[in-house]
Structure formats: C-alpha cells, structure tokens
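Listed here are the chains, written in short residue letters.
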Amino acid sequence: MQVIHSILQECQTLLDQGGVVLWIILAVGVWLYTMLLATWRAASPLCDYIREGVTAGSDSKRFLLNEYTIFQLDKLAWVDRRIPVIGVMIGVCTLGGLLGTVSGMLATFENMASASQADPMQKIASGISEALVTTQAGLLIALPAAFMFALLKSRVSAVHALLEENLHADLAVASRGGAV
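Rules used in this analysis
- Residues numbered from 1 in each chain as written.
- Predicted model: local features only at pLDDT ≥ 70, side-chain atom pairs only at ≥ 80, totals over all residues.
- Heavy atoms only, no water.
- Helix = DSSP H or I, 4+ residues; strand = E, 2+ residues; numbered from the N terminus.
- Buried < 20%, exposed > 50% of the residue type's maximum accessible area, 1.4 Å probe, protein only.
- Contact = heavy atoms within 4.5 Å.
- Areas by Shrake-Rupley, 256 points an atom, 1.4 Å probe, with all protein chains shown as cover.
- Phe/Tyr/Trp six-rings, centres within 6.5 Å; stacked < 30°, edge-to-face > 60°.
- Lys NZ or Arg CZ within 6 Å of the ring centre and 35° of its normal.
- Expected span 1.5 Å × (residues − 1).
- Bend = angle between axes of the 7 residues up to and from the residue.
- Core = buried A, V, L, I, M, F, W, Y, C linked by side-chain atoms within 4.5 Å.
- Patch = residues over 30% accessible without salt bridge, like charges linked within 9 Å, V, L, I, M, F, W, Y side chains within 5 Å.
- Salt bridge = Lys/Arg side-chain N within 4 Å of Asp/Glu carboxyl O.
- Polar contact = N/O pair within 3.5 Å; in protein donor to acceptor, adjacent residues only side chain to side chain.
- pLDDT = per-residue confidence, 0-100.

Caption draft 1: Representation of the overall build of the protein in the model. A tally of regular secondary structure across the protein gives four helices and zero strands. Ordered by position in the sequence, the α and β elements of the protein form the string α-α-α-α. Every one of the 180 residues in the protein was classed for burial, and the buried ones make up 32%. In the protein, the share of contacts with a sequence separation of at least 24, taken over all contacts with a separation of at least 6, comes to 84%. When the accessible area of the protein is evaluated, it comes to approximately 11,000 Å², of which 67% is carbon and sulfur surface.

This is the structure we're talking about:
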C-alpha cells in the first residue's frame with residue numbers, strides 16, 4: 001500500500017512539474033493510442049478476410065467488382081481515414097515535448113530575472129525540470145507510437161496489395177468463364 005502511495009505521489013509531482021503542456025501531451029497521447037489500437041484491431045482481420053475470399057462461388061465480373069468495392073469502402077476505408085490522423089497526433093506529441101522545453105526554458109529565464117532573493121538554484125531547477133519532463137513525456141509517447149504506426153502502415157499496404165492481386169486474379173478467372 002505504501003508503494004502505491006509513493007508511486008501516486010511521484011506521478012503527481014511529475015504532473016505538477018510538467019505544467020499545462022504535459023497535460024496536453026498526455027491528453028493527445030491517450031487519444032493517439034486509443035485511435036492507434038482501434039485501427040490496429042480493425043486492420044488485423046483484413047488480410048484473413050481477403051485470403052478467405054470475399055467472392056467465393058461467383059463468376060460474374062459485376063458481382064466481383066461490387067464485392068471488392070464494398071469491402072474497400074466499408075472496411076478498408078475506415079482504416080485508411082485514420083492513418084493520416086494518427087501520423088499528425090504522433091507529430092503533435094513530439095512537438096508538444098518541444099513546446100514544453102521552450103516553455104520550461106522561458107520559465108527558467110523568467111525566474112532568474114525576477115527581483116526576489118529566493119534561492120536562485122531552486123528557480124533554475126523548476127524551469128529546467130518542466131523542460132525535461134515535457135520533452136521526455138512527448139518522446140515516450142511518440143516513439144512507440146511511431147513504431148506501431150510504421151507497422152500499421154505496412155500492414156495496410158499489404159492489405160491493399162493483396163486486395164488488388166486477388167481482384168485481378170478473380171477478374172481474370174471470371175473473364176475466361178471459370179468459377180471463382
């Protein structure tokens with residue numbers, strides 16, 4: 001119980017040191033990972049869906065085209081629309097860390113210039129702490145997300161390629177009059 005209390009106290013200290021910028025980074029980070037995981041979960045079964053064949057048993061070109069179009073518009077488009085948003089949110093987290101660095105350094109210089117005779121090292125340390133905490137938070141959120149994003153984009157590209165390959169193969173078979 002004491003360990004949990006100590007961890008919560010440390011988290012509260014970090015949140016206080018990071019200021020408003022840290023809260024913004026954390027909010028964007030929660031949104032980013034929620035969207036990233038939802039998109040990942042939606043993209044995962046797409047390859048299996050294509051491999052199983054969305055058009056088993058049909059030899060009509062029009063039917064094949066309709067099935068692939070519906071698949072692209074319904075399932076794949078949902079994933080494709082989220083890819084740019086995820087990329088932007090990764091950039092926002094990184095740039096939010098940079099913004100926290102700048103605001104922390106501004107606070108440091110402002111504290112150094114103030115006329116009070118309080119401990120000058122404490123003033124410098126608080127501004128530098130804000131700068132480092134926000135930079136670290138921005139990078140800790142953005143770097144794993146960027147890695148997952150690259151894997152997600154690779155998976156979606158593979159789905160697009162597989163979809164196109166299967167469409168061409170199915171249309172070739174249908175045009176020769178064979179069953180798909």
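Caption draft 2: Broad picture of the packing of aromatic side chains. The tally for this structure, following the rule as stated, stands at zero aromatic pairs. We note Arg-155 situated over the ring of Trp-40; from NZ or CZ to the ring centre the distance is 4.8 Å.

Caption draft 3: Focus on helix H1 (residues 2-43). Compared with an ideal rise of 1.5 Å per residue, which puts 42 residues at 62 Å, H1 spans 42 Å between its outermost C-alpha atoms and falls more than 12% short. The principal kink in H1, of about 110°, is found at Gly-19. Leu-15, Gly-18, Val-21, Leu-22, Ile-25, Val-28, Gly-29, Leu-32, Met-35, Leu-36, Thr-39 and Ala-43 are the residues of H1 that are buried.

Caption draft 4: Spatial organisation of the nonpolar core. If you look at the biggest cluster of nonpolar residues, it comprises 23 residues, and the most contacted ones within it are Leu-32, Ile-86, Ile-90, Cys-93, Leu-152 and Val-156. Elements with a contribution of two residues or more to this core: H1, helix H3 (61-113) and helix H4 (120-175). Per-element tally for this core: the top contributor is H1, with nine residues.

Caption draft 5: Spatial organisation of the side chain of Thr-39. Relative to the helices and strands, Thr-39 is located in helix H1. On the accessibility criterion, Thr-39 (0% relative accessible area) is buried. Each residue touching Thr-39, except ones within four places of it in the same chain, is listed here: Trp-78, Val-79, Arg-82, Ile-86 and Leu-152.

Caption draft 6: Summary view of a nonpolar patch on the surface. Together, Met-105, Phe-109, Met-112, Ile-128 and Leu-132 make up a nonpolar patch on the protein surface, roughly 470 Å² of accessible area in all. Elements with a minimum of two residues in the nonpolar patch: H3 and H4. Tallying contributions element by element places H3 first for the nonpolar patch, with three residues. Mapping Ile-128 onto the fold places it in helix H4. Overall, Ile-128 belongs to the partly exposed group, its relative accessible area being 33%.

Caption draft 7: The side chain of Glu-130, seen in detail. For Glu-130, the location among the structural elements is in helix H4. Separated by 3.0 Å, the side chains of Glu-130 and Ser-103 make a polar contact.

Caption draft 8: Focus on the environment of Ala-146. Assignment of secondary structure puts Ala-146 in helix H4. Sequence spacing of Ala-146 and Gly-91 is 55 residues, and the spatial spacing of their C-alpha atoms is 9.1 Å.

Caption draft 9: Just the confidence of the model for the protein, in detail. Within the protein, residue pLDDT values average 79, and 73% of them lie at 70 or more. Ranking the elements of the protein by mean pLDDT puts helix H2 (residues 46-52) last, at 59, and H1 first, at 87. Counting contacts from residues 54-59, a segment whose pLDDT is below 50, to residues more than four positions away or on other chains yields 16 contacts.

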